[in-house]
Protein chains: 2
Amino acid sequence: MQRVTNCILLKDDHILLLKKPRRGWYAIPGGKMEQGESIKESVIREFREETDLQLIQPELIGTFTFNILDGANVLQEWMMFTFVCDQYSGRLIEHCREGELEWVPTKHVMNLPMAEGDRAIFKHILTSRKMLYGSFFYTEQYKLIDMRIDPTGY
Amino acid sequence: MQRVTNCILLKDDHILLLKKPRRGWYAIPGGKMEQGESIKESVIREFREETDLQLIQPELIGTFTFNILDGANVLQEWMMFTFVCDQYSGRLIEHCREGELEWVPTKHVMNLPMAEGDRAIFKHILTSRKMLYGSFFYTEQYKLIDMRIDPTGY
């Protein structure tokens, strides 16, 4: 089962996001866990590999189950662990092989093109530091079919 | 990949634990996640199935990676999500098929027979509400080979 860790890095009312070339969607920087890692070890390694920045004490803010469906068939299930962090060291990498890294003003984040489930995650993060739990159900084309999140209301 | 959710339920300086018949070791009640569940949905369902108790707002307190090794070979990797909770409804089940449910005085917990990694988890929970991240490395006979936990010091 694929497990992804990523981190919402905040600085001066901006969030560091990755604009992926395929759809032009924005994503939270991160990547796949490796064998034997804790989720925190993974997010620190992945963020450094992708951005050259060293996260300082990221904190888990959300744990999510993703289901990719073809009708009633579950094609894939994976998990995502999302951290939040407001301290780091290092200088941002100039070229990231995954896409373009961009400090986006926090107030613009909700209007960016992104996976619909990610929008719910941002809505939570931008207003709360409570842990968020969720399950998202997508088609193979990454169209959101359904989601359940707790706390609700996002 | 197997994913387990469990919950440390606290009441009047006691913790509800499950004494498993095989080794006589004590464990945190819980069980395996099902497809599509969030970790919180899973822990509520598993705890109810095992104890008849309905957890009220359990909170994630630890996320762990477990590696079962045979020498340098990784035989199995799985994850455990541990919640803590101090409110519930319902009446404790009389017979649990997994073992014996017991309200153990908190001050005795550290001295019970259990997996060594679980002892580190309890040491943390009994003194802190900060999120705990960890990786544990066990033999097939459940002898602890190594662990990394964050925060350290447990």
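These notes cover the structure that comes with them.

How each quantity is defined
- Residues numbered from 1 in each chain as written.
- Chains lettered and ligands numbered in written order.
- Predicted model: local features only at pLDDT ≥ 70, side-chain atom pairs only at ≥ 80, totals over all residues.
- Heavy atoms only, no water.
- Least-squares fit on C-alpha atoms with pLDDT ≥ 70 in both.
- Contact = heavy atoms within 4.5 Å.
- Disulfide = S-S within 2.5 Å.
- Buried < 20%, exposed > 50% of the residue type's maximum accessible area, 1.4 Å probe, protein only.
- Core = buried A, V, L, I, M, F, W, Y, C linked by side-chain atoms within 4.5 Å.
- Helix = DSSP H or I, 4+ residues; strand = E, 2+ residues; numbered from the N terminus.
- Buried area = accessible area lost by both parts, 1.4 Å probe.
- Salt bridge = Lys/Arg side-chain N within 4 Å of Asp/Glu carboxyl O.
- Polar contact = N/O pair within 3.5 Å; in protein donor to acceptor, adjacent residues only side chain to side chain.
- Nonpolar A, V, L, I, M, F, W, Y, C, P; charged D, E, K, R; others polar.
- Phe/Tyr/Trp six-rings, centres within 6.5 Å; stacked < 30°, edge-to-face > 60°.
- Lys NZ or Arg CZ within 6 Å of the ring centre and 35° of its normal.

Right, let's get into the relation of the copies chain A and chain B. If you rotate chain A by 180° and push it 0.0 Å along the axis, it lands on chain B with an RMSD of 0.0 Å. What the rotation and shift describe, once combined, is the action of a two-fold rotation axis. No C-alpha of chain A lies nearer the rotation axis than that of Met1(A), which sits 2.7 Å from it. Looking at the interface residues of chain A, 100% of them are also at the interface in chain B, so both copies use one shared face.

Right, let's get into the state of the cysteines. Residue and element names in this part refer to chain B. Under the criterion given, the structure shown has zero disulfides over all chains. Cys7 supplies the cysteine sulfur nearest to Cys85, a cysteine that is in no disulfide, at a spacing of 4.9 Å. Judged by its relative accessible area of 3%, Cys85 is buried.

What follows is about the nonpolar core. Buried together is how nonpolar side chains tend to be arranged in soluble globular proteins. Ranked by internal contacts, the top residues of the largest apolar core, which has 40 residues, are Leu60(A), Phe81(A), Leu60(B) and Phe81(B). Counting residues per element, the ones that place at least two in this core are strand E1 (3-11), strand E2 (14-19), helix H1 (39-51) and strand E7 (73-85) of chain A together with strand E1 (3-11), strand E2 (14-19), helix H1 (39-51) and strand E7 (73-85) of chain B. With residues up to four places along the chain from it excluded, the contact list for Phe81(A) reads Arg3(A), Val4(A), Thr5(A), Asn6(A), Met33(A), Ile39(A), Leu60(A), Gly62(A), Thr63(A), Met79(B) and Phe81(B).

Okay, the interface of chain A and chain B next. Taken together, the contact pairs 29 residues of chain A with 29 residues of chain B. Buried surface at the junction of chain A and chain B, both sides included, amounts to about 2100 Å², of which 54% is carbon and sulfur. Considering only the side of chain A, the residues that lose the most area to chain B are Arg3(A), Gly36(A) and Tyr133(A), jointly responsible for 24% of the buried surface there. Across the salt bridge formed by Arg3(A) and Glu77(B), the nearest N and O atoms sit 3.4 Å from each other. For the interface between chain A and chain B, the tally reads 18 residue pairs in polar contact (both at pLDDT 80 or more). Sorting the residues of the side of chain A that touches chain B by element identifies H1, strand E6 (59-70), E7, strand E10 (132-139) and strand E11 (144-150) of chain A as the ones contributing at least two each. When grouped by side-chain class, the residues that make up the side of chain A that touches chain B number twelve nonpolar, eight polar and nine charged.

Time to look at unusual backbone geometry. Where the residue is not glycine, phi is negative for most of them; where a peptide bond is considered, it is trans in most cases. Residue and element names in this part refer to chain A. That bond from Asp150 to Pro151 is cis: its omega, 5°, falls within 30 degrees of zero. Its location among the elements puts Pro151 in the segment after E11. Although it is not a glycine, Asp13 adopts a positive phi angle of roughly 60°. Examined against the element boundaries, Asp13 turns out to sit in the loop between E1 and E2.

What follows deals with the packing of aromatic side chains. Using the criterion set out here, one finds 15 aromatic pairs over all chains in the structure. Relative to Phe83(B), the ring of Tyr133(A) lies with its centre 5.7 Å away and its plane at 35°, an arrangement referred to as tilted. With Tyr133(A) in strand E10 and Phe83(B) in strand E7, the pair connects residues from two separate chains. Here a set of aromatic residues connected by ring pairs shows up, and it is made of Phe64(A), Phe66(A), Trp78(A), Phe136(A), Tyr138(A) and Tyr142(A). A cation over a ring is seen here: Arg23(B) above Trp25(B), with NZ or CZ 4.7 Å from the ring centre.

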